[in-house]
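Letter by letter, the chains look like this.
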Amino acid sequence: MATQPRITTLIDCDPGIDDLMALLYAYAHPQVDIAALIATGGNVSTEQVGRNLRGALELVAPFRPEASETPWVLGATVPVAQELTTTEETHGPLGTGYARLPHQDVPTGREEGRGVQMWVEAARRHPGSLHAIVLGPLTNLALALELEPELPRLLASLHIMGGALNHRGNTMPTTEWNIHSDPEAAQRVFAAFDRDDAECFPVLCPLDQTEKMVLTPQIRQCLTAGREESAPLAALDDALQFYMEFHETDGLGFISHVHDPFVTALAVNEALRSAGEEDWVELGRTTATVIDVEVTGKLTRGQTIADWIGRWGRTPNAYALTDADPRAFFNHYISTVRSAFVSH
C-alpha cells in the first residue's frame, strides 16, 4: 500500500467559533501535521484567544495526543496602525459562544508578540513544505515578512480567509472583518508577494464564497449527534448555538456562516492534490488576479480589491477563490470530524 502524503501546516487564528471548528478539523484530519499555531487578537483579545487556543488543544488531546505537543504562541497585541477592535457580540464574551473550554479563564502566562518569530522559524524549518493558513488578521504575517522577506519563496502555500471582492462587507459596507481589523497588514502581505520569484501566491478566500458555507440546524444535527459522548462535539454544539443566534439577530436567519473551517479544508485538500494524493476533495476553484487593499479611503478603508480586467497593468500577485462547493465541504467536514471525535 502506498504511503499517504502528510501535510505540514501553520495556522494563525483568532478563536473564535469558526476558528474552533477549523482547529478541530485540522486535528481530525489523519494526514495533517500541525507544525505551529499562533493566537492573534481579533474576535477577542490576544490573551483570550490564547486561552481559547490552549483550551481547544486540551479538548482534542484525549483523541489526538499530538495536540499536547504542538508549539503555540501568542501573536501581536495590536494591529500595525490602528486600535484593536474585537467582536464579542458575534462570538461571545470569551469568544466561544456558550461553549466552555478547559481552563478557558486561566491566564496563559505567555509573552505576547511571539507570532512573528514563529512564522519565520516554522518557514525556515520546513522550507518549501509549509502550508500556511491565516484565519484572523494578517498582522503577524506582515511583520514576519519584514523580518524574513524570503517567506514568499519559503512557503509551499498560503490561504487567507478575508476580504469581500464582488460582495457586501460583513463589517462596513465594503469590508470583511479580518481585513478591516488590520488593513495595513493585509496591504503589506499582498505587496510582498508581488515578485517574480515567489514560490506561491496567496489564495484569498473572500466572503463572496465563504458565505456560501451556510450551516443550518439540520447540518448542525448531523455534525453534533451523540454530543453527550464527545466533549469536542458538545463544545461545537454549544458554540454554534450562540453563533446561529447571532446570525438570526443580524437578519440572516437561524444559520451560521462557517468561513474558517472551509478555508482550512480547502488549504488541506489543495495541498494533498499538489502532493499527488488521489483522494483529495475538490472544494473550490481559484482565479489569478492582482489584489490590493485600500487603506486611506474615508468610506472604503479596508476594502479588498481585485483587478479582474487588468486596469492597473500589474502581473498577478494572488489567487482569488471564485467558486466553492458547500455540499462537498459539509460532507467532508462532518465525516472527517466525526471519524476522529466519536467513539466507535
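Keep in mind it's a predicted model, so treat the numbers as computed, not measured.

What counts as what
Residues numbered from 1 in each chain as written. Predicted model: local features only at pLDDT ≥ 70, side-chain atom pairs only at ≥ 80, totals over all residues. Heavy atoms only, no water. Helix = DSSP H or I, 4+ residues; strand = E, 2+ residues; numbered from the N terminus. Rg over C-alpha atoms; globule rule 2.2 N^0.38 Å. Buried < 20%, exposed > 50% of the residue type's maximum accessible area, 1.4 Å probe, protein only. Areas by Shrake-Rupley, 256 points an atom, 1.4 Å probe, with all protein chains shown as cover. Lys, Arg positive; Asp, Glu negative; His and termini not counted. Charge placed at Lys NZ, Arg CZ, Asp CG, Glu CD. Pairing = 2+ DSSP bridges. Axes fitted to C-alpha atoms, helices over the stretch in contact; angles between N-to-C directions. Parallel < 35°, antiparallel > 145°, perpendicular 65-115°, else oblique. Contact = heavy atoms within 4.5 Å. Nonpolar A, V, L, I, M, F, W, Y, C, P; charged D, E, K, R; others polar. Salt bridge = Lys/Arg side-chain N within 4 Å of Asp/Glu carboxyl O. Core = buried A, V, L, I, M, F, W, Y, C linked by side-chain atoms within 4.5 Å. Expected span 1.5 Å × (residues − 1). Left-handed = near helix turned anticlockwise from the far one by under 90°. Polar contact = N/O pair within 3.5 Å; in protein donor to acceptor, adjacent residues only side chain to side chain. Phe/Tyr/Trp six-rings, centres within 6.5 Å; stacked < 30°, edge-to-face > 60°. Lys NZ or Arg CZ within 6 Å of the ring centre and 35° of its normal.

Draft legend 1. Structural view of the overall build of the chain. Counting its secondary structure elements, the chain contains 13 helices and 12 strands. A globule of 344 residues ought to have a C-alpha radius of gyration of about 20 Å, and the chain, at 18 Å, matches this closely. Taking the principal axes of its C-alpha atoms as reference, the chain extends roughly 55 × 50 × 40 Å. When each of the 344 residues of the chain is scored for burial, the buried share is 59%. For the chain, the exposed area adds up to about 13600 Å²; of that, 50% sits on carbon and sulfur atoms. Across the chain, the 24 positively charged side chains and the 46 negatively charged ones have centroids separated by 1 Å.

Draft legend 2. How the structure looks around the pairing of strand β6 (residues 202-205). Burial of β6 is two-sided: the residues Pro202 and Leu204 facing one way and the residues Val203 and Cys205 facing the other way are all buried. Pairing of β6 with strand β12 (residues 318-324), which is carried by 2 bridges, proceeds in the parallel orientation. Looking at β12, one finds that valine 203 is bridged to tyrosine 319.

Draft legend 3. Summary view of the packing of helix α10 (residues 217-224) against helix α13 (residues 326-341). The contact between α10 and α13 brings their axes to 9 Å, and the two run at 25 degrees. Considering their axes alone, α10 and α13 lie roughly parallel with respect to each other. Facing Ile219, Cys222, Leu223 and Thr224 of α10, the residues of α13 in contact are Phe330, Tyr333, Ile334, Val337 and Arg338. Here the residues of the contact of α10 with α13 sort into 7 nonpolar, 1 polar and 1 charged.

Draft legend 4. Structural context of the pattern of salt bridges. With the rule as written, the count across this model stands at 19 salt bridges. Between glutamate 47 and arginine 51 there is a salt bridge, and its shortest N-O distance comes to 3.0 Å. Taken as a pair, glutamate 47 and arginine 51 lie in helix α2 (residues 46-60) at a separation of 4 residues, close to a single helical turn. Across the salt bridge formed by arginine 195 and glutamate 150, the nearest N and O atoms sit 3.2 Å from each other. Of the two residues, arginine 195 is situated in the loop between α8 (183-192) and β6 and glutamate 150 in the loop between α5 (139-147) and α6 (151-154); the sequence distance between them amounts to 45 residues. By sharing partners, the salt bridges in this structure join Glu150, Arg153, Arg195 and Asp197 into a single network.

Draft legend 5. Summary view of the nonpolar core. Judged by nonpolar contacts, the single largest core of 69 residues is most densely connected at Leu37, Val258, Phe262, Phe329 and Tyr333. With 10 residues, the top contributor of residues to this core is helix α1 (residues 17-28). If we skip the residues at most four places from it in the chain, phenylalanine 262 touches Thr210, Met213, Leu283, Leu321, Ala324 and Phe329. One finds Ala142, Ile179, Ile291 and Ala306 within the second-largest nonpolar core, a separate group that totals 38 residues.

Draft legend 6. Molecular detail of α2. Given a rise of 1.5 Å per residue, 15 residues ought to cover 21 Å, and the 21 Å separating the end C-alpha atoms of α2 matches this to within 8%. Buried residues dominate α2, accounting for 14 of its 15 residues.

Draft legend 7. Representation of the packing of α1 against helix α11 (residues 231-249) in the model. In contact at an axis separation of 10 Å, α1 and α11 are set at 155 degrees when each is read in the N-to-C sense. By the angle between their axes, α1 is roughly antiparallel relative to α11. The way α1 lies across α11 gives a crossing that is left-handed. Along the contact surface, α1 presents Ile17, Asp18, Leu20, Met21 and Leu24, while α11 presents Pro232, Leu236, Ala239, Leu240, Phe242 and Tyr243. Residues of the contact of α1 with α11, tallied by class, amount to 10 nonpolar, no polar and 1 charged.

Draft legend 8. Structural context of the side chain of threonine 108. Topologically, threonine 108 is positioned in the loop between α3 (88-91) and α4 (115-125). You can call threonine 108 buried: its relative accessible area is 13%. In terms of polar contacts, threonine 108 uses its side chain to reach the backbone amide nitrogen of arginine 110, at 3.2 Å. When residues no more than four places from it in sequence are discounted, the contact partners of threonine 108 are Glu47, Gly50, Arg51, Arg54, Trp72 and Leu74.

Draft legend 9. Spatial organisation of the packing of aromatic side chains. As enumerated under the stated definition, the model contains 7 aromatic pairs in all. Geometrically, the ring pair formed by phenylalanine 329 and phenylalanine 330 is tilted, given 4.9 Å between the ring centres and 55 degrees between the ring planes. Judged by centre distance (5.7 Å) and plane angle (40 degrees), the rings of phenylalanine 329 and tyrosine 333 are tilted. Taken together, the residues phenylalanine 329 and tyrosine 333, both in helix α13 and 4 residues apart, mark about one turn of the helix. In this structure phenylalanine 329 comes out as buried when scored by relative accessible area, which is 0%. Tyrosine 333 gets classed as buried once you look at its relative accessible area, which sits at 1%. Chaining the aromatic ring pairs together yields one cluster made of Tyr25, Phe262, Phe329, Phe330 and Tyr333. Of note, arginine 110 hangs over the ring of tryptophan 72, and the distance from its end group to the ring centre comes to 3.8 Å.

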